[in-house]
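What follows is the residue order along each chain.
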Amino acid sequence: MNALKGLSAPLAAGVVIFGLWQGALSLLDPDGFVLPAPSEIVGALIDNWDEVYQGTRITGFVVVSGLLAGILLGAAAALLVTRFRTANETITPLAVAVNAIPIIALAPIFNNWFGLTSPRSNQAIVVALVFFPVFINTARGLVRVDPSQVELMESYAANRWRITREVRIPNAMPFFFTALKLATSLAVIAAIVAEYFGGRQDALGPMITQSAGLTRYDEAWAAVLAGAAIGAVLYGVVLVFERVAMPWHSLIRSHREEP
Amino acid sequence: MNAIDVRGVAKVFNPGRSNQVEALSGIDLSVESGEFITLIGPSGCGKSTLLRLIASLLSPSAGSVQVNAKPAEQARLDRDYGMAFQTAGLFDWRTVAKNIELPLELMGWSKGDRRRRSAEMLDLVKLGEFAKHHPSELSGGMQQRVAIARALAFSPSLLLMDEPFGALDEMTREHMQDELLRIWGETGTTVVFVTHSIPEAVYLSTRVVVMSPRPGRIAAIINADLGDRTAATRDDTAFFKKVTEVRVALRDVEG
């Protein structure tokens, strides 16, 4: 019941926006290639369902696999750097340096490494882009603990691993999930833009460039819509995991009345 | 047997560096079993540092700290003391009962024993019906009571408290003081209690240790022999005389 209540406002806003969009286009009647009406996009989606579905599967696989690998690597690196001083001195500057590279600009180069039609290069781009926000946020959560909680554990003669398990990891969870919410949309953007430069030709990225090249803008928009759906579904999955992993957190939020 | 023996202890932070701080110098202090000692003094007098040296969360630059007739570190490893801080330091991700059971888990108690013990402790601090709540659902005073229950869960012979009531309002604070004295009376635990509040120090303790800053030293030790505390104690002339005595000692310290 609460979930329905929470959804009704954004749903209403969506209906209003799409209604205005549709209405304005029928009134102004610009050339079709500027902006297709929502009805045309939905029409293109239905007409090209098989291609869009196939593209969503291909791109979705790149997004999900890259996301998972990036999250695992980012979280593991965060654990390492907060646990071992030498790891911190080597991995952290390296990660910062890698993050300074405009990773998406590497897509043509990665294609050269992994082969023009291989999805590997696109996965690599997604991994590289997801890694950093997960790494930085998780590391911050692992370090920013209540000092008295650490002292308390030390007073119990708990070893460092036990302190990590009991204090640092639970404390890092909200930071980790904030990073995941950023990472899902980043991963979709990274995958689709990387696909502009190579990888499987039946993915969403090439579908957008090719449709746009043929001035079939309704089809291009249909592919964009599919990309948005991947992002939305993944965001929803993160929200569910967040609830399951941190039942205490929604409690804190409801008590402090944070957004 | 003395619960605590501090002999010739000094503590220097960042020795040899430009930000070197001499936090404590020439500290000698003996605490008998069952005593309630408060450490009081202006900011920077090293009272929290002294508490952490007793807890072996810090090690002294000179001198020795013995707890239960063994080196402080051994006492820590043997889990001879429980500790409570100004922030309750409860784990949001654990229920109230699970917070109290944390030290017991670390000591390898069985699940059933832990359950029973946390229930007993919650009764002791009169929070029996809040076992399954999370800390964020409790008021500041209730959280501090859970922290005290956690510190006492494994029946340590020594309780170390660092301004545990500092963040509480006056009403809650007085109530918590009475709770603590009741628990102290029931358990016979030795208590070392750091505070900023003169009336709190006089009301709670058997002896008030007045400390002076830069470097931290013990300026005076005042016996607070007021007998059993009751509701009338806070309005008693003897109580006020002791408060004045501590205040004068502190004024000399601030000089």
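Shown above is the structure to which this text applies.
(A) Spotlight on the overall build of chain A. What chain A contains, in helices and strands, is 11 helices and zero strands. With the C-alpha coordinates of chain A rotated into their principal frame, the extents come out at 75 × 50 × 25 Å. When burial is assessed residue by residue, chain A has 42% of its 259 residues classed as buried. Taking as baseline every contact in chain A between residues at least 6 positions apart, the subset at least 24 positions apart corresponds to 73%. When the accessible surface of chain A is summed, it comes to about 14200 Å², and 68% of that surface belongs to carbon and sulfur atoms. Distance from the positive charge centre (17 side chains) to the negative charge centre (18 side chains) of chain A: 15 Å.

(B) Examining the environment of Gly236 of chain A more closely. When you line up the elements, Gly236 of chain A lands in helix α10 (residues 217–245). Residues Gly236 of chain A and Ser118 of chain A lie 118 residues apart in sequence; the distance between their C-alpha atoms is 29 Å.

(C) Examining the pairing of strand β10 (residues 217–223) of chain B more closely. All names here are of chain B. Relative to β10, strand β9 (residues 207–212) runs antiparallel, the two being bridged by six bridges. Directly across from Val209, in β10, lies its bridge partner Ile221. Joining the antiparallel neighbours β9 and β10 is a turn of four residues, in which Arg214 adopts a positive phi near 50 degrees.

(D) Representation of the side chain of Thr195 of chain B in the model. The topology assignment puts Thr195 of chain B in strand β8 (residues 190–195). For Thr195 of chain B, the side chain forms a polar contact with the side chain of Glu200 of chain B, separated by 2.6 Å.

(E) Broad picture of a nonpolar patch on the surface. All names here are of chain A. A cluster of nonpolar side chains, Leu94, Val98 and Ile101, forms an exposed patch at the surface whose accessible area comes to about 260 Å². Positionally, Ile101 belongs in the loop between α4 (85–100) and α5 (107–114). A residue is classified by how much of its surface remains accessible, and Ile101, at 38% relative accessible area, is partly exposed.

(F) Representation of the interface of chain B and chain A in the model. Opposite the 24 residues of chain B that make contact, chain A presents 20 residues. Scanning the region where chain B abuts chain A turns up two salt bridges. With a shortest N-O distance of 2.6 Å, Glu151 of chain A and Arg52 of chain B are connected by a salt bridge. The tally of links between chain B and chain A comes to seven residue pairs in polar contact (both at pLDDT 80 or more). At the level of elements, α2 (72–77), β6 (81–84) and α3 (96–106) of chain B are the ones that each hand at least two residues to the side of chain B that touches chain A. Broken down by element, the side of chain B that touches chain A gets its largest block of residues, four residues, from α3 of chain B. Here the residues of the side of chain B that touches chain A are counted per class, giving 12 nonpolar, four polar and eight charged.

About the cut-offs
- Residues numbered from 1 in each chain as written.
- Chains lettered and ligands numbered in written order.
- Predicted model: local features only at pLDDT ≥ 70, side-chain atom pairs only at ≥ 80, totals over all residues.
- Heavy atoms only, no water.
- Helix = DSSP H or I, 4+ residues; strand = E, 2+ residues; numbered from the N terminus.
- Buried < 20%, exposed > 50% of the residue type's maximum accessible area, 1.4 Å probe, protein only.
- Contact = heavy atoms within 4.5 Å.
- Areas by Shrake-Rupley, 256 points an atom, 1.4 Å probe, with all protein chains shown as cover.
- Lys, Arg positive; Asp, Glu negative; His and termini not counted.
- Charge placed at Lys NZ, Arg CZ, Asp CG, Glu CD.
- Pairing = 2+ DSSP bridges.
- Polar contact = N/O pair within 3.5 Å; in protein donor to acceptor, adjacent residues only side chain to side chain.
- Patch = residues over 30% accessible without salt bridge, like charges linked within 9 Å, V, L, I, M, F, W, Y side chains within 5 Å.
- Salt bridge = Lys/Arg side-chain N within 4 Å of Asp/Glu carboxyl O.
- Nonpolar A, V, L, I, M, F, W, Y, C, P; charged D, E, K, R; others polar.

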